[in-house]
Amino acid sequence: MKGRLKGAQKGHSLLKKKADALQLKFRSILKKIIDTKQTMGEIMKEASFSLAEAKFATGDFNHAVLQNVNKAQIKVKTRKDNVAGVNLPIFESYQDGADSYELAGLAKGGQQLKKLKVNFGNAINLLVE
């Protein structure tokens, strides 16, 4: 009877440690999400404003970009993080290949297009985080 009680107490303490570790990880993820959500509003506001600037400077460039895209430049890879026996997915973005639109906007509006690329790249990296 004593052995069963001791085993139950040990199991309970192990489960408590596991729950505490998961709760700590959950709180850190939640804090990161809240911080990201606050900065995301500012970054998207800046990105949409730079889109308006680029459209004003260069005209409509959507068709040219859409026709020339054949594969994604920024990709996401996943890996697993083990927290107290629970696998949590971790997402990371990486750039695959060189920028095929380095010379876009060479005739007019090049600075605005470059700023547009940088702002939306920051937004994508923040979303993947």
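Structure's up top.
Keep in mind the model is a prediction, meaning the values are calculated, not measured.

**Student:** So what's going on with the layout of surface pockets? Which residues, and what values?
**Tutor:** Estimates place the volume of the second largest pocket at around 420 Å³. Secondary-structure elements contributing two or more residues to the lining of the second largest pocket are α1 (2-58), β2 (86-95) and α3 (110-128). Here the residues of the lining of the second largest pocket are counted per class, giving nine nonpolar, four polar and four charged.

**Student:** Can you lay out a nonpolar patch on the surface for me, pointing to particular residues and giving the numbers?
**Tutor:** There is a patch of nonpolar side chains on the surface, built from F26, L30 and I34 and spanning about 290 Å² of accessible area. Since its relative accessible area comes to 44%, I34 is described here as partly exposed.

**Student:** Could you give me a rundown of the pairing of strand β1 (residues 74-83), with the residues and numbers involved?
**Tutor:** Bridging between β1 and β2 involves ten bridges; their strand directions are antiparallel. Note that in β2 the partner of N82 across the bridge is N87. In textbook terms, the turn of a hairpin is the stretch between consecutive antiparallel strands, and for β1 and β2 this stretch comprises two residues, one of which, A84, has a positive phi near 55 degrees.

**Student:** Which residues make up the side chain of T36, and what values go with them?
**Tutor:** Structurally, the position occupied by T36 is in helix α1. Not counting residues within four places of it along the chain, the set of residues in contact with T36 comprises L126 and E129.

**Student:** Explain the packing of aromatic side chains residue by residue, including any values.
**Tutor:** According to the stated counting rule, one finds zero aromatic pairs in the structure shown. Over the face of the ring belonging to Y94 we find K77, whose NZ or CZ atom lies 5.6 Å from the ring centre.

**Student:** Tell me about the packing of α1 against α3, and name the residues and values.
**Tutor:** Orientation of α1 relative to α3, taken along the N-to-C sense of each, is 155 degrees, at an axis distance of 8 Å. The orientation of α1 relative to α3 falls into the category roughly antiparallel. Note that α1 runs across α3; the crossing there is left-handed. Grouping the amino acids of the contact of α1 with α3 by side-chain chemistry returns 13 nonpolar, eight polar and three charged.

**Student:** Break down the pattern of salt bridges for me, with residues and values.
**Tutor:** Following the criterion strictly, the structure yields four salt bridges and no others. As a salt-bridge pair, K25 and D81 come within 3.6 Å of each other at their nearest N and O atoms. Pair noted here: K25 is in helix α1 and D81 is in strand β1, with a separation of 56 residues, a long-range link. Between R79 and E92 there is a salt bridge, and its shortest N-O distance comes to 2.9 Å. Here R79, found in strand β1, pairs with E92, found in strand β2; they are 13 residues apart in sequence, far enough to count as distant. For E92, a relative accessible area of 28% translates into the label partly exposed.

Reading guide: rules and limits
Residues numbered from 1 in each chain as written. Predicted model: local features only at pLDDT ≥ 70, side-chain atom pairs only at ≥ 80, totals over all residues. Heavy atoms only, no water. 1 Å grid on protein atoms, 1.4 Å probe; cavity = no way out; pocket = protein on both sides within 12 Å on 5 of 7 lines; lining within 4 Å. Points joined across faces, edges and corners; volume = space filled by probe spheres on them. Helix = DSSP H or I, 4+ residues; strand = E, 2+ residues; numbered from the N terminus. Nonpolar A, V, L, I, M, F, W, Y, C, P; charged D, E, K, R; others polar. Patch = residues over 30% accessible without salt bridge, like charges linked within 9 Å, V, L, I, M, F, W, Y side chains within 5 Å. Areas by Shrake-Rupley, 256 points an atom, 1.4 Å probe, with all protein chains shown as cover. Salt bridge = Lys/Arg side-chain N within 4 Å of Asp/Glu carboxyl O. Buried < 20%, exposed > 50% of the residue type's maximum accessible area, 1.4 Å probe, protein only. Pairing = 2+ DSSP bridges. Contact = heavy atoms within 4.5 Å. Phe/Tyr/Trp six-rings, centres within 6.5 Å; stacked < 30°, edge-to-face > 60°. Lys NZ or Arg CZ within 6 Å of the ring centre and 35° of its normal. Axes fitted to C-alpha atoms, helices over the stretch in contact; angles between N-to-C directions. Parallel < 35°, antiparallel > 145°, perpendicular 65-115°, else oblique. Left-handed = near helix turned anticlockwise from the far one by under 90°.

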